[in-house]
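A closer look at the structure
Read off the chains here:
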Amino acid sequence: MNVLVVGGAGYIGSHMVRILDREGHTPIVLDNLCDGHRESVVGHKLIVGELSDRELVDSILSENKIEAVMHFAAFAQVGESVVNPAKYYVNNVMATIDLLESMRANDVKKFVFSSTCATYGEPETVPISENEKQEPVNPYGFTKLVIERALDDYAAAYGFSFAALRYFNAAGASPDGDIGEDHDPETHLIPIVLQVALGQREHITIYGDDYETPDGTCIRDYIHVDDLGAAHLTALEKLEPGKGIKLNLGTGNGYSVREVIDACRQISGKEIPEVMGKRRAGDPPKLVANAAAAKELLGWVPRYQKVEDVVETAWAWHQSHPNGYKSE
Ligand code: UFG
């Protein structure tokens, strides 16, 4: 299948491109390279341009005989979305609706959408199932929820088929060490801790140890990027006209910030100094997936169950690319 991968030069998108290629599909990447990296999609067709450029997207869909679209091109920083919500509404909502409109005009109706556990806000029940109420507590989560709702309506009215996949914490790197996580600035826990291990930062600041969790630090569910990619592939193959599926993608295993730092110490063999900081605004104490529905519907079981295994792949990437893609 010819699949347009929007944001395919980004962290999760670039791993998806490889999986599609490996499984006999033809990925075509559209990326504006504002966060993505040309080096992450070497050997694949990359079109550099804006998602909001309707003429461009129309021509890509028709000229490449696109049958399905996977959409990874979103801004995804909770804190930034609070300070600069316009950036999130313009890109994550408006440009995504433009994309859906272009798909509708070109009769492309298969869509796999990157949603997030941030759509749940502060969940009442953890592990979180898909039936949990969706009340996002920041603009980022809300922009993703808006698109989930739009997709329901596009499926009912226009026969779209979609999968909205609600990621927990994407982490890790390709096991061959070729591609991995490279954000600027980096805000995510595992890459920051590994940068400390490499001596690029002096310490890791833990954002609070006064949460109601066993060791007082926040608990998250770290899901390997290739496991996310595998779920997308199966979801794509299961799409049915007029129907949508919404699934959590996580391991179901929660790890505290302290446990993640310890896993990084164990894997890297480095000391990794830590400093206790204040809570970061908007961090829920515990986000862990109930991923039973993805298992049942897609037969999807993450290969990387333990955070140590995820960290091992990330460590290999950070060691071979200490400055990210810039070092190539
Ligand atoms: N953390 C630290 N120190 C750091 C960085 C992070 O203690 O320097 C902590 C955070 O407070 C949090 C945990 O490590 O408890 C994980 O933080 P990340 O920034 O790696 O990830 P988030 O859980 O904040 O964010 C992820 C996705 C978002 C998504 C969000 C949903 O990256 O896109 O989950 O809540 F919106």
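Our subject in this report is the structure included herewith. (Residues numbered from 1 in each chain as written. Predicted model: local features only at pLDDT ≥ 70, side-chain atom pairs only at ≥ 80, totals over all residues. Heavy atoms only, no water.)

1. Focus: the nonpolar core
By size, the foremost hydrophobic cluster in this structure holds 33 residues, and its most contacted members are Leu 20, Met 70, Leu 165, Leu 236, Leu 249 and Trp 300. Listing elements by their share of this core, those giving two or more residues are β1 (2-6), α1 (11-22), β4 (68-71), β6 (161-167), α7 (225-238), β11 (244-249) and α9 (292-298). Discounting chain neighbours no more than four positions away, the residues touching Met 70 are Val 3, Leu 4, Val 5, Val 6, Met 16, Leu 20, Val 112, His 232 and Leu 236. (Core = buried A, V, L, I, M, F, W, Y, C linked by side-chain atoms within 4.5 Å. Buried < 20%, exposed > 50% of the residue type's maximum accessible area, 1.4 Å probe, protein only. Helix = DSSP H or I, 4+ residues; strand = E, 2+ residues; numbered from the N terminus. Contact = heavy atoms within 4.5 Å.)

2. Quick look at the site of the ligand
In the vicinity of the ligand there are 22 residues, among which Tyr 140, Leu 189, Thr 205, Arg 280 and Asp 283 approach most closely. In this structure, an oxygen atom belonging to the ligand sits 2.9 Å away from a side-chain N or O atom of His 188. Residue Asp 283 places a side-chain N or O atom 2.5 Å away from an oxygen atom belonging to the ligand. For the ligand, the protein covers 92% of the area, taking 690 Å² as the surface of the free molecule. For the shell around the ligand, the elements supplying multiple residues, two or more each, are α6 (189-197) and β8 (204-207). Among the elements that line the shell around the ligand, the one with the most residues is β8, at four residues. Partitioned by chemical class, the residues of the shell around the ligand number 14 nonpolar, five polar and three charged. (Near = heavy atom within 4 Å. Polar contact = N/O pair within 3.5 Å; in protein donor to acceptor, adjacent residues only side chain to side chain. Areas by Shrake-Rupley, 256 points an atom, 1.4 Å probe, with all protein chains shown as cover. Nonpolar A, V, L, I, M, F, W, Y, C, P; charged D, E, K, R; others polar.)

3. Some points on the sheet that holds β11
Reading across from one edge, β3-β2-β1-β4-β5-β6-β11 is the order of the seven strands in this open sheet, with parallel pairing throughout. The sheet is open, and its two edges are formed by β3 (45-48) and β11, each paired on a single side. Geometrically, the sheet is characterised by an average inter-axis angle of 20° between neighbouring strands, direction not taken into account. Relative to β11, β6 runs parallel, the two being bridged by six bridges. (Pairing = 2+ DSSP bridges. Axes fitted to C-alpha atoms, helices over the stretch in contact; angles between N-to-C directions.)

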